[in-house]
Amino acid sequence: MKKTTAKLADGRELLYFDAGDAADRDSTDLRPLEPVAGLSEIRRDPATGDWVTIAAHRQGRTYHPSADECPLCPSRDGRRSEIPAADYQVAVFENRFPSLSADAARHVTGHPHPFAAAGPGAGRCEVVCFTADHGLSFADLDEPHARLVLDAWTDRTADLSARPGIEQVYCFENRGAEIGVTLAHPHGQIYALPFTAPRTVRMAEQARRHRADTGRNLFEDLLAAERTGERVVLAGEHWTAFVPFAARWPYEIHLYPHRRVLDLTALEEAERAEFPGLYLELLRRFDRLFIEPGHNEQAAPTPYISAWHQAPSSAGGGELAMHLELFTIRRTVGKLKFLAGVESGMDAFVNDVSPEAAAQRLREVAS
């Protein structure tokens, strides 16, 4: 893999990732851009202990541009985008409208009363462009290209997790307007968080309790139990994908390496080599879930969120296990799973599809 570093016109960092020794790219950004201002703040909810990011400056971010105005396509034919080069394989750059940024500290002055724990939203938000082709999705990539994306995720995890003040690195992809995606180009994001995400905090506490009760690791025991069960969707020599026993979403898959690791940087070559084929197959099965009777193809691609759970640097992270969670908010043809009052208000999920039925369906749509 070849990694090339450049700067955009407003000082943001841009990285190109290429398989092999690709030719040098012209990365001169000639756009008249003003420097990005970091105005984010993090505030702690005194009732739950959860951190909430306040990023009011993001209201003006780019919203559903036409394909010929896409900011993630290469710069061609006189039109300049966030990617100055005329072509690329995988590109990563600092978000122009970040929820978190390194210079946010100077904009936060603090709050006076004891229930107002707050701090600067000092972190980093990056955009990961999976391919230069606007019309593709991740599932359309071949295995070498998907491996290049995995290598880019790994590189960014190593870099960002080593920076002062960063507690957790979160790589993810949102796909589909139903999810809330505002740019149609195939891309994901990376958040370098200055705190441990609430879901991770809860998982770490469960792992601590399991260790205290049994002397064993929660996630090693969980994976061992799931690998022998009816909810396994796909398995390889080094990875297993399954629908969790208490799945919250209509179709939800967890993909674990058989060897427990804390983050992407700890994967060995055999694990890295097997991942692209398994992951691409899972994504392609998602796109076959909702094909209507009498039709060869579904009306619209399946909207999904794909989320890498990596251990934070704080105490307790050593009991966690890196894994990927892939889920869709579509519950059947033409119908979405909306978060109702009990879910949005109380975080108590109600699933309309049994995990066992979901696993069976995901096996049925295999390639």
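See the structure printed just above.
Here is a short report on the structure shown in this document. (Residues numbered from 1 in each chain as written. Predicted model: local features only at pLDDT ≥ 70, side-chain atom pairs only at ≥ 80, totals over all residues. Heavy atoms only, no water.)

**What about the state of the cysteines?**
Summed over the entire model, instances satisfying the criterion amount to zero disulfides. For the unlinked cysteine Cys73, the closest cysteine sulfur is that of Cys70, found at 3.8 Å. Its relative accessible area of 9% is what places Cys73 among the buried residues. Left without a disulfide partner, Cys171 is nearest to the cysteine sulfur of Cys125, which lies 12 Å away. Residue classification places Cys171 among the buried positions, given a relative accessible area of 0%. (Disulfide = S-S within 2.5 Å. Buried < 20%, exposed > 50% of the residue type's maximum accessible area, 1.4 Å probe, protein only.)

**Structural notes on a nonpolar patch on the surface**
On the surface, a cluster of nonpolar side chains totalling about 290 Å² of accessible area is made up of Val342, Met346 and Val350. Considering the arrangement of structural elements, one finds Met346 in helix α5 (residues 341-346). Take Met346: its relative accessible area is 65%, and that puts it in the exposed class. (Patch = residues over 30% accessible without salt bridge, like charges linked within 9 Å, V, L, I, M, F, W, Y side chains within 5 Å. Areas by Shrake-Rupley, 256 points an atom, 1.4 Å probe, with all protein chains shown as cover. Salt bridge = Lys/Arg side-chain N within 4 Å of Asp/Glu carboxyl O. Helix = DSSP H or I, 4+ residues; strand = E, 2+ residues; numbered from the N terminus.)

**Focus: the sheet that holds strand β5 (residues 90-94)**
Judged by pairing direction, the sheet is antiparallel, and its eleven strands sit side by side in the order β1-β2-β5-β7-β9-β8-β13-β14-β12-β11-β10 without closing on themselves. Looking at which strands have only one partner, the edges of the open sheet turn out to be β1 (2-7) and β10 (232-235). Between one strand axis and the next, the sheet turns through 20 degrees on average, direction left out of account. Judged from the three bridges that link them, β10 and strand β11 (residues 239-242) form a sheet pairing that is antiparallel. Looking at the pairing, Leu234 lines up with Ala241 of β11. (Pairing = 2+ DSSP bridges. Axes fitted to C-alpha atoms, helices over the stretch in contact; angles between N-to-C directions.)

**Things to note about the sheet that holds strand β4 (residues 51-54)**
On the basis of which strands lie adjacent, the open sheet formed by three strands has the order β4-β3-β6 and antiparallel pairing. With partners counted over all chains shown, the strands left at the sheet margins are β4 and β6 (118-120), one partner each. Within the sheet, the average angular offset between the axes of one strand and its neighbour, ignoring direction, is 25 degrees. Here three bridges tie strand β3 (residues 41-44) to β6, and the two strands are oriented antiparallel to one another.

**Describing helix α1 (residues 143-161)**
Because an α-helix completes one turn every 3.6 residues, residues spaced three or four positions apart along the sequence face the same direction. An ideal rise of 1.5 Å per residue puts 27 Å on 19 residues; α1 measures up with 27 Å between its terminal C-alpha atoms. In this structure Asp142 caps α1, since a side-chain oxygen of it lies 2.9 Å from the backbone nitrogen of His145. (Expected span 1.5 Å × (residues − 1). Polar contact = N/O pair within 3.5 Å; in protein donor to acceptor, adjacent residues only side chain to side chain.)

**Considering the pairing of β1**
Successive residues of a regular strand alternate their side chains across the two faces of the sheet. In this sheet, strand β2 (residues 13-18) lies alongside β1 in antiparallel orientation, the contact comprising six bridges. Looking at β2, one finds that Lys2 is bridged to Asp18. Counting the residues that bridge the hairpin from β1 to β2 gives five residues, and of these Gly11 lies at a positive phi of roughly 95 degrees.

**Describing unusual backbone geometry**
In this model, Asp77 sits at a positive phi of 55 degrees, which is unusual for a non-glycine residue. Take Asp77: it is sitting in the loop between β4 and β5. Even without being a glycine, Asp347 presents a positive backbone phi close to 55 degrees. Structurally, Asp347 is set in the loop between α5 and α6 (355-364).

**Some points on the pairing of strand β8 (residues 168-175)**
A large share of β8 lies buried, amounting to six of its eight residues. Pairing between β8 and strand β9 (residues 187-193): five bridges, direction antiparallel. Looking at β9, one finds that Phe172 is bridged to Gln189. When β8 meets strand β13 (residues 304-309), the two strands line up antiparallel, connected through four bridges. Counterpart to Asn174 in the pairing with β13 is Ile305.

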